[in-house]
Amino acid sequence: MDDNNQISIVLKWPRKSINIDLDVKIPAQGVTAIYGASGSGKTSLLRCIAGLEKVKHCTLTFRDQVWQGAKHFVPTSQRAIGYVFQEASLFTHLSAADNLNYALKRANPGKPLATLEEVIELLGLAQLLDQFPDQLSGGERQRVAIARALLINPELLLMDEPLASLDHKRKQELLPYLERICHQYHVPVIYISHSLWEVSLLADHIVMMDAGRITKSESFLEAINKPDFPISQQENISSLLQCKVMEHNEQWGLTRFTLKGLSDHISGPKLIEHSLWLQQCDLSAGQEVRLNILASDVSLSLSHHQDTSISNILPVTIMSIEPLQHGLLMLQLTLGESILRAKLTQRSVDRLALSIGQNVWAQVKSAALIQ
């Protein structure tokens, strides 16, 4: 990691509820997710980065700027950051447009990250500008809050569980906006969440926290494709596959993706491209995407059936079999450099006599793509 393009944090902060003790370097580019259970110290860490907490034993550098040291502290107002809280925290006496203009007047110097018009279009705010915060839905308020943070012209964007207060439907509405921001602008983002679903759609790098300490800091795709990733703690276990959009079929209402994996068990181990036909999506051919596949949408077969309604049949090897609740098991399956996960009943595993190291066929429903 380039020392001039990273965020370095050394923090020792004994608190009543938690003792934070960490030393970590993260990229000052892309999206870094700070992930962990409630109370693990995620927000405390973010507040130190923002300068909202002045902790005695803290050393913090952003790229070549020292924001805090033994005898040095840069106040929040002088750190070129945008901050999005769990709640939108808009000025209630100002319209959405006036909230945005407030940010413009206080923007950090330099070339603007985005113009007002670009932000309004990107976040779909044109119909909301005359309304006041109490007239907006929770998701709409957060969109305005995110726009306001962008218009501050930040060098670093901090997001503290921005979807936590929203129901699942509103989260699904807002996540595409967050994806666009993360991919369209080159400002680094630190995104706090305890939702692996959110993290999997956004993160390039992941920092995992537990009881005030860092347990993992690495590329997200590398982390999630390791068997020790705590995926089984999630209610909706899924797999994350790096794929490319190849074509759309209007007649079938499907999109074909390709991913690299091992060839079939007959021709021997060879890295080739496999196709996945999934629900049609609004993505351009050639675009690199992440596919989030629910483990409950993956079944296994001992042979390559042709007389099945399932279009996606992939050669995999069973890496592990782990118990879940209610008589269910999670199987981790190797597919090239990726891990595909399947949730099966104990009865199915016993009936097929499945075992670790066995070559089998994974069947993925065409409706499996999580939007």
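Here, every reference points to the structure presented above.
Just so we're clear, the structure is a prediction, and the values are computed from it rather than from any experiment.

### Quick word on the overall build of the chain
Across its full length, the chain holds eight helices and 20 strands. Over its C-alpha trace the chain gives a radius of gyration of 23 Å, about what one expects of a compact globule, namely 21 Å for 371 residues. With the C-alpha coordinates of the chain rotated into their principal frame, the extents come out at 65 × 50 × 40 Å. When the 371 residues of the chain are sorted by exposure, 51% land in the buried category. Within the chain, residue pairs in contact and separated by at least 24 positions form 67% of the contacts whose partners lie at least 6 positions apart.

### Digging into the state of the cysteines
Working definition: the covalent bond between the sulfur atoms of two cysteines is a disulfide. Per the counting criterion, the structure on display carries zero disulfides. The thiol sulfur of Cys58 is not disulfide-bonded, and the nearest other cysteine sulfur, from Cys48, lies at 5.2 Å.

### What about the nonpolar core?
Nonpolar side chains tend to gather and get buried jointly when the protein is soluble and globular. Formed by 41 residues in total, the largest nonpolar core has its most connected members in Leu123, Leu125 and Ile146. Those elements that provide at least two residues to this core are helix H2 (96-105), helix H3 (116-122), helix H4 (138-151), strand E8 (156-160), helix H5 (168-184), strand E9 (189-193) and helix H6 (196-202). Not counting chain neighbours up to four residues away, the residues in contact with Leu125 comprise Leu100, Val119, Ile120, Arg143, Val144 and Ala147.

### So, the sheet that holds strand E4 (residues 57-62)
Judged by pairing direction, the sheet is antiparallel, and its five strands sit side by side in the order E2-E1-E4-E5-E6 without closing on themselves. In this open sheet, the two strands that pair with only one neighbour each are strand E2 (19-27) and strand E6 (72-73). Along the sheet face, helix H1 (residues 42-50) touches strand E1 (6-14), E2, E4 and strand E5 (65-69) and points at about 120° away from the line of E1.

### Topic: the sheet that holds strand E16 (residues 298-301)
Sheet architecture is open: five strands sit in the order E16-E20-E17-E18-E19, paired in antiparallel fashion. Because the sheet does not close on itself, it has two edges, and the strands there are E16 and strand E19 (338-345). With strand direction ignored, the average angle separating the axes of adjacent strands in the sheet is 45°. Bridge count between strand E17 (residues 312-323) and strand E18 (residues 328-335): six bridges; the pairing is antiparallel. Residue pairing in the sheet places Ser320 in a bridge with Gln332 of E18.

### Some details on H1
Counted residue by residue, H1 has seven buried out of nine residues, so it is predominantly covered. Listed in full, the buried residues belonging to H1 are Lys42, Ser44, Leu45, Leu46, Cys48, Ile49 and Ala50. Within two residues after H1, Gly51 carries a phi angle of roughly 85°, on the positive side.

### Let's talk about the side chain of Gln332
As for its position among the elements, Gln332 is in strand E18. In this structure Gln332 comes out as buried when scored by relative accessible area, which is 0%. Looking at Gln332, its side chain comes within polar contact range of the side chain of Arg341, at 3.0 Å.

### A look at empty space enclosed by the protein
Counted by the stated rule, this structure contains one cavity of 30 Å³ or more. Its volume calculated, the largest cavity comes out at about 40 Å³. Around the largest cavity, the lining residues are Ser137, Gly139, Glu140, Arg143, Arg170, Glu173, Leu174 and Tyr177. Only H4 and H5 provide two or more residues apiece to the lining of the largest cavity. Per-element accounting of the lining of the largest cavity gives the leading share, four residues, to H5. When grouped by side-chain class, the residues that make up the lining of the largest cavity number two nonpolar, two polar and four charged.

### What to know about the layout of surface pockets
If a probe the size of a water molecule is rolled over the atoms, the empty space left behind becomes visible. Empty space within the largest pocket amounts to approximately 960 Å³. Lining the largest pocket we find 31 residues, and of these Glu179, His183, Leu283, Gln287 and Val289 sit closest to its centre. Here the lining of the largest pocket gets seven residues from one element, more than from any other, and that element is H5. When grouped by side-chain class, the residues that make up the lining of the largest pocket number 17 nonpolar, eight polar and six charged. For the second largest pocket, the lining is made up of 20 residues, of which Ile81, Gly82, Tyr83, Arg148 and Ile152 are closest to its centre. When residues of the lining of the second largest pocket are traced back to their parent elements, those giving at least two are strand E7 (81-84), H2 and H4.

### Quick look at the environment of Gln358
The topology assignment puts Gln358 in the loop between helix H8 (346-352) and strand E20 (359-364). Considered as a pair, Gln358 and Gly336 are 22 residues apart in the sequence and their alpha carbons are 15 Å apart. Gln358 has contacts with Leu302, Val316, Thr317, Ile318 and Ala353, leaving out every residue within four places of it along the chain. A polar contact is formed between the side chain of Gln358 and the backbone nitrogen of Ser355, at a distance of 2.9 Å.

### A look at the pairing of E5
Direction of pairing for E4 relative to E5: antiparallel, over a ladder of three bridges. What sits directly across from Thr61, in E5, is Val66. Two successive antiparallel strands, E4 and E5, enclose a turn made up of two residues, where Arg63 displays a positive phi of approximately 55°. Direction of pairing for E5 relative to E6: antiparallel, over a ladder of two bridges. By the bridge assignment for E6, Gly69 is matched with His72. As consecutive antiparallel partners, E5 and E6 are separated by two residues.

Here is what the cut-offs are and how they apply
- Residues numbered from 1 in each chain as written.
- Predicted model: local features only at pLDDT ≥ 70, side-chain atom pairs only at ≥ 80, totals over all residues.
- Heavy atoms only, no water.
- Helix = DSSP H or I, 4+ residues; strand = E, 2+ residues; numbered from the N terminus.
- Rg over C-alpha atoms; globule rule 2.2 N^0.38 Å.
- Buried < 20%, exposed > 50% of the residue type's maximum accessible area, 1.4 Å probe, protein only.
- Contact = heavy atoms within 4.5 Å.
- Disulfide = S-S within 2.5 Å.
- Core = buried A, V, L, I, M, F, W, Y, C linked by side-chain atoms within 4.5 Å.
- Pairing = 2+ DSSP bridges.
- Axes fitted to C-alpha atoms, helices over the stretch in contact; angles between N-to-C directions.
- Polar contact = N/O pair within 3.5 Å; in protein donor to acceptor, adjacent residues only side chain to side chain.
- 1 Å grid on protein atoms, 1.4 Å probe; cavity = no way out; pocket = protein on both sides within 12 Å on 5 of 7 lines; lining within 4 Å.
- Points joined across faces, edges and corners; volume = space filled by probe spheres on them.
- Nonpolar A, V, L, I, M, F, W, Y, C, P; charged D, E, K, R; others polar.

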